[in-house]
Structure formats: C-alpha cells, structure tokens
Amino acid sequence: MQYNDVPNFLPALPEIFMSVICMVLLIFGVFKGNKSTYLISWLVILSLFLTSLFCILGPKDEIIFSNIFIVDDFSIFSKVLIIIGAIAALAMSLSYIRNEGMEKFEYPILIMLSTLGMMMMVSANDLISLYVGLELQSLALYVLAAFKRDTLKSSEAGLKYFVLGALSSGMLLYGASLIYGFSGTTNFETIQAMFDSNNEPSLGIIVGIVFIISAMAFKVSAVPFHMWTPDVYEGSTTSVTAFLSMAPKVAAMALFIRLVYVPFYGLVPEWQQVVILISAASMVIGSLAAIRQTNIKRLMAYSSIGHMGFALLGLSAGTQQGVESVLIYMFIYLFMNIGVFVVILSMRVNGVMVENINDLSGLGKNNPFLAIIFGILMFSLAGIPPLAGFFGKFYVFLAAVDSGLYILCVIGVISSVIGAFYYLRIVKIMYFDDPVDIFEKPNSASMISLLSISGIFTIFFIVAPTPLISWAHHAASSIIQ
Amino acid sequence: MIIQSIAFYIFAGIIIASAIMVISAKNPVHSVLFLILAFFNGAGLFVLVGAEFLAMIMVIVYVGAVAVLFMFVVMMLDINFVELRQGFLQYLPIGLLIGLILLVELILILSSQFEDPQILAVSSLPIPPIEEVENTKALGNVLYTKYIYLFQSGGLILLTAMIGAIVLTLRSRPGIKKQVIAKQVSRKREDSVEIKKVTPGAGV
C-alpha cells in the first residue's frame, strides 16, 4: 500500500493532548461524581494552559494528515486567543455554577470539547475537516446552552440554538457540496490554485460561496443571520453566555478569514460584495436594536452583533492589512468581553441573579471598583480614544479606507456613534441613578483578577500596542501567499 | 445478465409495493414492518450494483437502528393515527405536483451530461476499479490511513453527543431500590435469621 509510513502527528499535538485529557477527566468525573466539578474545572484550565504552550512552542507551517490539517502562524494566533477565552469563561463561572446548583462535572468537559472543536476549525485546510471541527464545537455548545435543563428559558435557548444551528450546518454542507461538485476537490489549496489559472468561476461555485458565507455569518451572528443571538444569550445561563460571546466568535471569525482568503482568494470581487452587505447590516442593526433593550444579556447580544459587523468591515477589505485588523479587533474584543461578563456574573442580589440594566443603578456608590472597570469597558466598547476598543476600530477602518470602501466606513462611523449612546447610558445608570439593591459582596479571587486583567489591558493597550500588532502581522502574512 | 435484470425488477417491484403499503396500511406497526421490507430490498439493489458495503450499512443502520426506533415510537407513544390520517387526500394534489417536478428534474439530469476535464484531473481520490478491489476493502484502505483524522474527529463528535444526551436527560432519583449483588452474596444466615429459644409451655 502507499500509506505505509506513519504520519507526522506532532503538529496536531495540542489537539491530541486535549482529546486525551477530555476522556481521562470524563472517566475521573464518572467515578468521583459531581463533587469533583471544582477539581475538574481547575484541571481543565491547567490542561488548556498547557495546550496553549504546545501551540506556541510546537512546529508550525506544516500540513499533515494528507493535507487536511494545517498549522501556521494564523492558526496558532487564533488557537491561543480561543484558549484564553475558554480559560476566562471557565474561571469566571466557577463560583457561579456552584451558586446556581449547576455543579455537574460535564460542564468543564463540554467546554473543553467545544474548545477542541474550535481549534480543529481554525486548523482546517479542507472542507471536510472544517465541517467536522465546526460540528464538534457546535454540538457541545448546544448542550451547554440547554445546560440548566429545569428552567424553561435555558431549554428554549438550547432548542432554538440547536434547530437554527442545524439549519446553518445544512447551508454550509450544501455550499460545500456545490463547491466540491464544480471544482472536484475539497482541499483549500487546490481550490485556490484553480482560480489562479482560470478567472471565470462557474455559477455553481459562486452559489456555493454564498451558501458557505451565509453559514459563517450565522456562526459569527451577523445580520441577517443574527436572529438566534439575543434569545440564546438571554436564555442560556450567564456563564455559558460568557463563553458563547468569546471563544466561538473568535473561532468562527478565524474560520471565516481562512475560507475567504485561502480557497477563494482569487475571487475577491465575488465574495466582497456579500461581506460588505452583511457587515453594513450588522453594524446598523447591532447599534439600533440595542437601544431599546432592558436586559443586559440581550444588550450584550446586540453589542456582539454590532462588533462582528465592525470585524467584517476589516474582512471585506480583501487585503492582508484587512486580515491583520480583524485579528487585532478580535483580540481586543475578547479582552473587553472578559471584564464585561465578570461584572454581569457579579450581578447577584440576595442570592438571586439579576439581569436588568436598571439593577446596575448606584453601582458607583455601592461597589466602586466594579463600577469603574465596567465604566472603562463601556467607554472602550463604544470606541472612545485612549482605550483599547478605539484601536480595534481604528485599524479596521484604516484597512477599509485603504481598500476604498468609503461608504461602508461612513456607515460604520455613524453606527459607532449610535452605539455609543447605549454604552454610555449604562455608565449614566451606574453613576447618576439612585441606588436600588446592593450586589452581594463576595467576588471570588479568580473573578477579581480576570476583571483586573481586562481593565489593565483596556487602559494600557495604548502604551505597548506593538507586540500584538506584529503578532497579528505575522499571523496575517502566513495565510496570504 | 438476464438473472441480474430479473433480480432488479423483483427488488424494485417489492420496494414500490411495500412503499405504497407503508403509507396505506391501517395498522402503524404493519407500516413499520413494510418499511423494513423496503430497506432490505434497497440493500439488495445496492448489492446488484456492486456496493456491498452500502448494502450492509443500509441493513445495519436503517433496519437495525432507525426502523427499531420507529417501532418504539409507534408502540410507546399513544398516537391516534386515524386522526392524523384525516384529510390525507387533500394533500394529494401537492404531492403529485412535487412528484412531477422531481420527475422533470430527473429527466433533465439524465438527458444532460456535465463533465469538466479540469475537475476530473484534480479529483482528490479516484475510485479503484471494482474488479480488483471490492469497495469494503477500498474504504478500509483509506478510512484508517488517509482519513484517520476525520474518522477520529467523527468519534469525538459522537462522544460529545452521548455526553450531551446523558447530561440533559439523566436524573438521579433518590429512594430507588437497586440490586447490589456483592451485598447479596456476602449475606450470612446470622444477618437475617434470629433463633429464639422458646421454653415449652411458657408462651413467647
């Protein structure tokens, strides 16, 4: 046979390590029962940390498993970002799941499996491995969304997410099958090579691309495929919402970038118009619909829709600079979200979680530390200059302007101004409204430290932006040949 | 050759007949049984075209799992099928229309031919000739070598699905009596039987 030699497994070491640890911890949990949830959570955090070390120190620029699994600077950047998101989401939810009686040992394991799926997604170099990774992460997320199965809202969120997610998987598969049918291959590089030589893509390929972009837009929750986001964010338990708004967004955006920049790089004009449309729609809907929200989780859902619109603005540039700006944007967005969700998870009055924006009133007097960081994060999300959020938007706009997308940039600036209204309203409620209820004091050490990290990153990003920018530059240049 | 065509017409005829019976049988259990018959004959058709792996998978998956699941649903849930079937005929025109569209599409596909030499050139995995390698072996050759990553990832997805099903449905109910065999075996006579000396004539 021609496959006698043992394949090179080393580049996939992070993934193999994670899946083995998952199974070991699963068996451990089965024997120890739900009492061991806390221990397993910390073990998961530890092994995620080790995985990120394997990612950084491991070999790169390798394509293994007969050209379906790629490790390059881009995938390493995304994997590290995904792992940071997963660790933060798990660390901030430790005390929450205990208080809410969700202490099941499957919780950290499902988060780890989902993270594994995301890492497989960003390393995909083939339509099949893309789908397999996507399905692994989504399946774990559906279960997590419905994790608090005894409440109606959580079950509803899980079911809604599952049905709509299955629909988007169907669209992805339909698009992938069209592309396979009209190009004869599922390998990204082979598809790319096809469009280098012949510049006249057939109609089937374009329809396939549109379907795949629709599925990707669903995963990053961009308009018009955003309908599930507010309901799932609101219905899921808050710790799951925190996870949903961080790691999967990064993974889906990274996959989106690889899809349009590797296999379809020769077809920029074909996909660019679609991405421009969903980007503009996401920015506008994200900022307009958020104004009327009273629930903070729903507000964050619309906020994430708007932010994904801005990230897609960079993506639609179609240049290496565009990829770079999206990566910087996602990095900053992730760090801001960590802090925001720590605050939302601290909204607890007399042993009950509260979720209304008005419950924040008087936070400036009751808990100054929480309030000042939350205020800074809100300014940053709105894009006020010295903070990190401004730089994210700045690079994205810069990339778009360089590609001549002026109208899109004007739409972006206008919706950014509208968006500033609801972020600043929260600051106003915290500092100028009469206090209602005092949040429970005990915040765990992990939550305080996550909040501090998020706040420090947001404030001091201006001092040393170069490491992140040069890292993003390396990552972006590795996928564009 | 003639035997093959006879076998084909027998299989195809039985499939159509049992498919009609599936939707027209009064008893839902009979419907499921006719469905199983249709699956078996479908497997026979696969064998005829030389796809013995697909045939076996069809029997294992559809008959072994899907049809049994249907059977469970039919027998466990108390569904009034007579009520469900009311107004069945009013959907007939739509059904005929969809059938007609499918027929037209089928004719269109069969009458046209699409073959791009460039696509055939890059085709990732050529099918080995059926006379040399039977298709179970051909699949086995690539499943654990070329597609090992995808195969194992598929396993992980199924594991996740299993964990999910257990997390969302398993409830530990307190106060349920369970059989502990070790406890039963290690039971001694003294644990349960107490011998009382009763003096005659004194009563207990």
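Everything here concerns the structure above.
If you're wondering where the values come from, they're calculated on a predicted model, not measured in any experiment. (Residues numbered from 1 in each chain as written. Chains lettered and ligands numbered in written order. Predicted model: local features only at pLDDT ≥ 70, side-chain atom pairs only at ≥ 80, totals over all residues. Heavy atoms only, no water.)

A. Expanded view of the overall build of chain B. Along the backbone of chain B there are 10 helices and zero strands. Along its sequence from the N terminus, chain B presents helices and strands in the succession α-α-α-α-α-α-α-α-α-α. Per-residue burial for chain B yields a buried fraction of 19% across its 204 residues. Of the roughly 16300 Å² of accessible surface on chain B, a fraction of 71% belongs to carbon and sulfur atoms. (Helix = DSSP H or I, 4+ residues; strand = E, 2+ residues; numbered from the N terminus. Buried < 20%, exposed > 50% of the residue type's maximum accessible area, 1.4 Å probe, protein only. Areas by Shrake-Rupley, 256 points an atom, 1.4 Å probe, with all protein chains shown as cover.)

B. Broad picture of the interface of chain B and chain A. Contacts between chain B and chain A engage 28 residues on the former and 37 residues on the latter. Carbon and sulfur atoms supply 74% of the area that chain B and chain A bury against each other, a total of about 2900 Å² over both sides. Across the salt bridge formed by arginine 171 of chain B and aspartate 150 of chain A, the nearest N and O atoms sit 3.1 Å from each other. If you list the elements that add at least two residues to the side of chain B that touches chain A, you get helix H6 (117-122), helix H7 (135-143) and helix H8 (148-169) of chain B. Top contributing element to the side of chain B that touches chain A by residue count: H8 of chain B, with 15 residues. (Contact = heavy atoms within 4.5 Å. Buried area = accessible area lost by both parts, 1.4 Å probe. Salt bridge = Lys/Arg side-chain N within 4 Å of Asp/Glu carboxyl O.)

C. Seen up close, the packing of helix H6 (residues 127-145) of chain A against helix H9 (residues 203-219) of chain A. Residues and elements named next belong to chain A. Here H6 crosses H9 at 30°, and the two axes come no closer than 13 Å. Of the possible angle classes, the one that applies to H6 and H9 is roughly parallel. With respect to the hand of their crossing, H6 and H9 are arranged in left-handed fashion. On H9, the residues that touch Leu127, Leu134, Gln137, Ser138 and Tyr142 of H6 are Ile212, Met216 and Lys219. Tallied by class, residues from the contact of H6 with H9 come to five nonpolar, two polar and one charged. (Axes fitted to C-alpha atoms, helices over the stretch in contact; angles between N-to-C directions. Parallel < 35°, antiparallel > 145°, perpendicular 65-115°, else oblique. Left-handed = near helix turned anticlockwise from the far one by under 90°. Nonpolar A, V, L, I, M, F, W, Y, C, P; charged D, E, K, R; others polar.)

D. Representation of the nonpolar core. Ranked by internal contacts, the top residues of the largest apolar core, which has 192 residues, are Met92, Phe256 and Leu360 of chain A. Broken down by element, the residue count for this core peaks at 19 residues, all from helix H14 (residues 320-345) of chain A. Counting seven residues, the second largest nonpolar core, distinct from the first, contains Phe39, Ala43, Val63 and Ala67 of chain B. (Core = buried A, V, L, I, M, F, W, Y, C linked by side-chain atoms within 4.5 Å.)

E. Seen up close, the side chain of serine 31 of chain B. Residues and elements named next belong to chain B. In this structure, serine 31 sits in helix H2 (residues 28-48). Here serine 31 falls in the buried class, since its relative accessible area comes to 9%. Filtering out sequence-adjacent residues up to four positions away, serine 31 remains in contact with Met21, Val22 and Ala25.

F. Fine view of the packing of aromatic side chains. Taken as a whole, this structure holds 29 aromatic pairs over all chains when the rule is applied. For the pair phenylalanine 77 of chain A and phenylalanine 331 of chain A, a centre-to-centre distance of 6.1 Å together with 45° between the ring planes defines the contact as tilted. Of the two residues, phenylalanine 77 of chain A is situated in helix H3 (residues 73-92) and phenylalanine 331 of chain A in helix H14; the sequence distance between them amounts to 254 residues. As far as the burial class goes, phenylalanine 77 of chain A and phenylalanine 331 of chain A line up, both buried. Relative to tyrosine 9 of chain B, the ring of phenylalanine 8 of chain B lies with its centre 5.2 Å away and its plane at 75°, an arrangement referred to as edge-to-face. (Phe/Tyr/Trp six-rings, centres within 6.5 Å; stacked < 30°, edge-to-face > 60°.)

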